[in-house]
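# Secondary and tertiary structure notes
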Number of protein chains: 2
Amino acid sequence: MKIESINNSKVKAWLKLQNKKYRDEENLFLIEGEHLLKEALKVNLVKEIISSDISFKVDGIPFYEVTPLIIKKISMQVSGTNVIAVVKKIPEKEILGNVCMLDNIQDPGNLGAIIRSATAFNIDTLVLSLDTVDLYNEKVIRASEGMIFHLNIIRRDLNNIICDLKKKGYTIYGTDVNKGHDLKNIVFNEKSCIIIGNEGKGMSNTLKSSCHELINIVISKDCESLNASVASSIIFYELDRSK
Amino acid sequence: MKIESINNSKVKAWLKLQNKKYRDEENLFLIEGEHLLKEALKVNLVKEIISSDISFKVDGIPFYEVTPLIIKKISMQVSGTNVIAVVKKIPEKEILGNVCMLDNIQDPGNLGAIIRSATAFNIDTLVLSLDTVDLYNEKVIRASEGMIFHLNIIRRDLNNIICDLKKKGYTIYGTDVNKGHDLKNIVFNEKSCIIIGNEGKGMSNTLKSSCHELINIVISKDCESLNASVASSIIFYELDRSK
């Protein structure tokens, strides 16, 4: 039966998922658009599909036919969408392979772009600091181009994780535009962990002091700094090509 | 004398500059915030400074004291700003040095990020195709972090410019995720021109057929493509480190 009222209890529950508080309580989040739906289906995390177009029905997954107005209400994209899905939060896995840690990344677009590039350059685990922007923010998911489903992303206190990684033989590479060594000359360890700092302030000093080595990407004196997602991507590219 | 009315003729003229049509007619554009003002002052292009805070006065440049409400009205940033300036469009210069061409880049954030990275990695001239997003769009300027003033940016028919560059001995490198050669193996010419394609469709086939060589950044099969500004930045980084 088609849902036509904004006051329907399902609609109210979906709208709540626009807020981090309810996403955390329900362990669910929303995705929008065909591309993201396709990526979420690949990993079997889709709980419900919502659309005014019944061609989006998928065997074995509850489908809710709604009015275009309801889709518009639930969508957080200015340009709108044709399909929305309720998706289970991605289960955390063990820390393995190439690791990247993000220390207090605040811009959702940057986090999404970092996730996309991390997948492209074979980063296996991404560790978000406790104060990094919410992974399930709509802008993060959109900027990631659905790549959130392709690597292990966990949220932890970075200082604790660094200790664990050191015990496992990882080399910890921080980033520092003043004191770092030129990326061109870095010889990456087989087990590497790269830490990217906050957009304005860079990495915290406590974290820097825990690093084995600090990296800098040498740039023109005309330019103060690189965008955080660009800097991350270039380091991932170099790490990937070193293997 | 402090301007307090939204109907003041100066305020009306400033508001018009929010639209491309008037920016083109007047050959002027708006910038917001202290950082951008500082960058624009360095290159002597500031025509007028507008603020409710007279500490932004600069010798020799007309200053307009206005109410915070007027600043809010002229600002195109959601978070607001404390100073706005009317700036003369940047004069085009001769094509020199490392060249990058953008074929139909549509996202203002991408164009801004490409300008920032181009400056960082010593690209000297950026050529925008006629259908690339407006350079003086507020989001482009913001994402560039003021770097629009640090390199020569011109807007032309790319096919014509390619002919000129070939006559001058340039090697033209296109980008193609299917047929391109691995970036790692590219040996850049002393005179290099890199072409970056549209976010969704890539480079046009006409342009591709004019290139000496096509480049691809090899990525994981899990990831369809890199963000256009990330891909550009990695190629600029490799070009810069090859010199």
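Summarised in this report is the structure supplied together with it. Residue numbers here run from 1 along each chain, matching the order of that chain's written sequence. Chains and ligands are labelled sequentially in the order written, the chains with letters from A and the ligands with numbers from 1. The model is predicted, so local features are restricted to residues of pLDDT at least 70 and side-chain atom pairs to those at 80 or more, both for listing and for counting; the totals for chains, interfaces and linings are taken over all residues. The side-chain numbers reported here are obtained from all heavy atoms of the structure, hydrogens and water having been left aside.

### Here's the deal with the nonpolar core
We call a set of buried residues a nonpolar core when its members are Ala, Val, Leu, Ile, Met, Phe, Trp, Tyr or Cys and they connect through side-chain atoms within 4.5 Å of each other. Each residue gets one of three labels from its accessible area relative to the maximum for its type: buried under 20%, exposed over 50%, partly exposed in between, using a 1.4 Å probe on protein chains only. Ranked by size, the top nonpolar core spans 110 residues in total, and within it Ile115(A) and Ile115(B) carry the most contacts. We call two residues contacting when some pair of their heavy atoms lies within 4.5 Å. Setting aside residues no more than four positions away along its own chain, Ile115(A) makes contact with Leu126(A), Leu135(A), Val140(A), Ser144(A), Met147(A), Ile148(A), Leu151(A) and Ile153(A).

### Here's the deal with the interface of chain A and chain B
If you look at the interface, chain A gives 27 residues, while chain B gives 27 residues. When two components associate, each loses some accessible surface as probed by a 1.4 Å sphere; the sum of these losses over both components is called the buried area. With both sides pooled, the region where chain A packs onto chain B buries about 2500 Å², and carbon together with sulfur makes up 58% of that total. If you sort the residues of chain A by the area they bury against chain B, Arg116(A), Tyr237(A) and Arg241(A) come out on top, with a joint share of 22%. A pairing counts as a salt bridge when a side-chain nitrogen of Lys or Arg comes within 4 Å of a carboxyl oxygen of Asp or Glu. Counting across the chain A and chain B interface gives 2 salt bridges.

### A closer look at the sheet that holds strand S11 (residues 213–216) of chain B
Note: strands within a sheet are paired through backbone hydrogen bonds, in either parallel or antiparallel orientation. All names here are of chain B. Strand pairing requires that DSSP identify at least two bridges connecting the strands. Counting from the N terminus, the helices are the DSSP runs of H or I reaching at least four residues and the strands are the DSSP runs of E reaching at least two. What the 7 strands build is an open sheet, ordered S7-S6-S5-S10-S8-S11-S9; its pairing is parallel. Single-partner strands in this sheet number two, and they are strand S7 (152–156) and strand S9 (181–182). As defined by bridge partners, strand S8 (residues 171–175) adjoins S11 across 3 bridges and the pair is classed as parallel. What sits directly across from glycine 174, in S11, is leucine 214. With axes taken as lines fitted to C-alpha atoms, and helix axes fitted only over the stretch in contact, angles between N-to-C directions fall between 0 and 180 degrees. Relative to the sheet, helix H5 (residues 108–120) contacts strand S5 (99–102), strand S6 (125–129) and S7, its axis offset from that of S6 by approximately 160 degrees. Across the sheet, helix H9 (residues 228–241) touches S5, S8, strand S10 (192–196) and S11, and the angle it forms with S10 is around 165 degrees.

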